[in-house]
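Tertiary structure, described
One letter stands for each residue in the lines below.
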Amino acid sequence: MTFTPYRQIGTPTRGGIVAVCDHASNHVPADVELGVTAEVLDKHVGWDIGTAGVVERLVRRHGMAAHLATLSRLVIDLHREEESKGLIPEVSDGILIPGNIGADREARLDAFHRPYHAAMASWLDEADPALILSVHSFTPRMEDGGEPRPWEIALLYNQDDRAAQHAMKFFADQRLVVGDNEPYSGRQLNATMNRHAEAHGRPYCAIEIRNDLITNETGQARFAKLLAQMGQTVVHALAG
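Report on the accompanying structure.

1. Overview of the packing of helix 2 (residues 51–62) against helix 6 (residues 217–239)
Their axes nearest at 8 Å, the elements helix 2 and helix 6 cross at an angle of 60°. The angle between helix 2 and helix 6 places the two elements in the oblique class. As helix 2 runs across helix 6, the sense of the crossing is right-handed. Contact residues: helix 2 offers Gly53, Val54, Arg57, Leu58, Arg61 and His62, while helix 6 offers Glu217, Gln220, Ala221, Phe223, Ala224, Lys225, Leu227 and Ala228. Grouping the constituent residues of the contact of helix 2 with helix 6 by class yields seven nonpolar, three polar and four charged.

2. Some details on helix 6
Between its first and last C-alpha, helix 6 extends 33 Å over 23 residues, near the 33 Å set by a 1.5 Å rise per residue. Every buried residue of helix 6 is accounted for by Gly219, Gln220, Phe223, Ala224, Leu226, Leu227, Ala228, Met230, Gly231, Val234 and Val235. Against the buried residues of helix 6 lie strand 2 (17–21), helix 2, strand 6 (131–138), strand 7 (153–156), helix 4 (162–173) and strand 9 (204–210). Where helix 6 starts, the residue carrying a side-chain oxygen 3.2 Å from the main-chain nitrogen of Thr218 turns out to be Asn216.

3. Here we look at the layout of surface pockets
Estimates place the volume of the largest pocket at around 440 Å³. Along the walls of the largest pocket sit 22 residues, with His44, Arg73, Arg80, Ser92 and Met142 positioned nearest its centre. Where the lining of the largest pocket is concerned, the elements lending two or more residues are strand 4 (91–92) and strand 6.

4. Notes on the state of the cysteines
Considering all chains together, one arrives at zero disulfides under this definition. Here Cys21 is not disulfide-linked; the sulfur of Cys205 is the nearest cysteine sulfur, at 15 Å.

5. Topic: empty space enclosed by the protein
Evaluation of the coordinates by the stated rule reveals one cavity of 30 Å³ or more. As a volume, the largest cavity reaches approximately 50 Å³. Elements with a contribution of two residues or more to the lining of the largest cavity: strand 6 and strand 9. Among the elements that make up the lining of the largest cavity, the one with the highest residue count is strand 9 (three residues). For the lining of the largest cavity, the per-class residue count stands at five nonpolar, four polar and one charged.

6. Some points on the nonpolar core
Grouped together as the largest cluster of nonpolar side chains are 69 residues, with contacts concentrated most on Leu133, Phe171, Cys205, Ile207, Leu227 and Met230. In contact with Met230, other than residues within four places in its own chain, are Leu133, Ala167, Phe170, Phe171, Cys205 and Ile207.

Calculation notes
In this convention, every chain numbers its residues from 1, walking through the sequence in written order. Two thresholds apply to this predicted model, a pLDDT of at least 70 for residue-level local features and 80 or more for giving and counting side-chain atom pairs, whereas whole-chain, interface and lining totals are computed over all residues. Note that the side-chain values use all heavy atoms of the structure and ignore hydrogens as well as water. Under this scheme, a helix contributes an axis fitted over its contacting stretch, all axes are lines through C-alpha atoms, and angles between N-to-C directions fall in the 0 to 180 degree range. Segments assigned H or I by DSSP are reported as helices when at least four residues long, segments assigned E as strands when at least two residues long, and all are numbered from the N terminus. The labels follow the angle: roughly parallel below 35 degrees, roughly antiparallel above 145, roughly perpendicular from 65 to 115, and oblique for the rest. Handedness of a helix crossing follows the sense of rotation of the near helix relative to the far helix, less than a right angle counterclockwise being left-handed and clockwise being right-handed. Should any heavy atoms of two residues lie within 4.5 Å, those residues are considered in contact. Under the grouping applied here, Gly and all other residues not named as nonpolar or charged are polar, the nonpolar ones being Ala, Val, Leu, Ile, Met, Phe, Trp, Tyr, Cys and Pro and the charged ones Asp, Glu, Lys and Arg. To estimate how far a helix should reach, multiply one less than its number of residues by 1.5 Å. Using a 1.4 Å probe on the protein chains alone, a residue whose accessible area is under 20% of its type maximum counts as buried, one over 50% counts as exposed, and one in between counts as partly exposed. Contacts described as polar in this section are N or O atom pairs within 3.5 Å, which, within protein, must combine one atom able to donate a hydrogen with one able to accept it, while residues neighboring in sequence count only if both atoms come from side chains. Here a cavity denotes a set of grid points, spaced 1 Å apart and computed over the protein atoms alone, in which a 1.4 Å probe fits but from which it cannot get out, and a pocket denotes an open set meeting protein on both sides within 12 Å along at least five of seven lines; residues with an atom within 4 Å of a point are reported as lining. Grid points are joined across faces, edges and corners, and a volume is the space filled by probe spheres set on the points. The disulfide definition used here is simple: a pair of cysteine sulfur atoms within 2.5 Å. Nonpolar cores are built from buried Ala, Val, Leu, Ile, Met, Phe, Trp, Tyr and Cys residues. Side-chain atoms within 4.5 Å join them into one set.

So this is what it looks like as structure tokens:
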């Protein structure tokens, strides 16, 4: 049976809010051998820890629809352009991924990356959303060094910061430690939203949540509620 690199849950409401999650899974398809342990796949290098739980709650409890990845970012990073050097990582946070050395780039693009983005494009065209929430998480500190990352939540953006500015104010009002293009800049890494939001003039919030805050159901429920409230606030602000 052909592997599908995405799943779509919930029913989009035209003009509503939808969520996308490029790094929701740490699954490795049966015909891919990365040469890493299950322990590595469970780390932040294998997926965005906690994001699937947050997004699933946005669907179940807050009436959204979502498009989620079903494979590990170590197989192919769906949040990268096709020509990106980091598309199929050979090393991630100091960890060697031996199965990616000499990997067939075109085969993985055809099997995973291109179908994922083609399906998202069609889904978004049909949904015609007022706002896209792109949900990611980040580790409090990289394993191979670097400074601690104090932000609890952050907004990333490239050229279009309309929604991000409203979102950052909302989270600051909730007394969260908010990052502005942290822990890295959306001007360098914003591939999915560049392609599916900015290129079409669609408002979006590319959200980074510190992953130690969403490792359990309580944290995931808390942040799903915050994201849902923020989304409504942003949509109303943009409409005004």
